[in-house]
Amino acid sequence: MYALDALKTMRAGEVLQVIADCPQSFKSVPEEAVKHGYQLVTEPEKDGQDIYFYIKVVK
């Protein structure tokens, strides 16, 4: 997941916006983010085919 690579380069408190169009990502992106120690800022938001995630670096 490219988002995890991007998150590794970010500082604590920064938020990454991830936009996905795969229905499976609705579940997998939040699970992977939390599993790796990041925080989901809000619940995923769906807009048409796109799903928006906001992931915060907490370390």
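What counts, and where the lines are drawn
Residues numbered from 1 in each chain as written. Predicted model: local features only at pLDDT ≥ 70, side-chain atom pairs only at ≥ 80, totals over all residues. Heavy atoms only, no water. Salt bridge = Lys/Arg side-chain N within 4 Å of Asp/Glu carboxyl O. Helix = DSSP H or I, 4+ residues; strand = E, 2+ residues; numbered from the N terminus. Buried < 20%, exposed > 50% of the residue type's maximum accessible area, 1.4 Å probe, protein only. Arc of directions from axis to C-beta. Contact = heavy atoms within 4.5 Å.

1. Observations concerning the pattern of salt bridges
Thinking step 1. Within the structure shown, the criterion is met by two salt bridges.
Thinking step 2. Close ionic contact of K27 with E31 constitutes a salt bridge, the shortest N to O distance being 3.9 Å. With K27 and E31 both in helix α2 (residues 25-35) and four residues apart, this pair spans about one turn of that helix.
Thinking step 3. Relative accessible area serves as the criterion here: at 44%, E31 is assigned to the partly exposed category.

2. Structural notes on α2
Thinking step 1. For α2, every residue scored as buried is listed here: S25, V29, P30 and A33. Considered in projection along α2, the buried side chains sweep an arc of 115 degrees and stay on one side of the axis. Seen from the open side of α2, the exposed residues pointing more than 90 degrees away from its buried face are K27, V34 and K35.
Thinking step 2. Residues of α2 that are buried in the fold lie against β1 (15-20), β2 (39-40) and β4 (50-56).
Thinking step 3. Of the residues trailing α2, G37 is marked for its positive phi of about 95 degrees.

3. Considerations on the environment of L4
Thinking step 1. Tracing the chain through its elements places L4 in helix α1 (residues 2-8).
Thinking step 2. Counting along the chain gives 34 residues from L4 to Y38, while the straight-line C-alpha distance between them is 9.4 Å.
Thinking step 3. Not counting the four nearest positions on each side in its chain, L4 is found in contact with E32, H36 and Y38.

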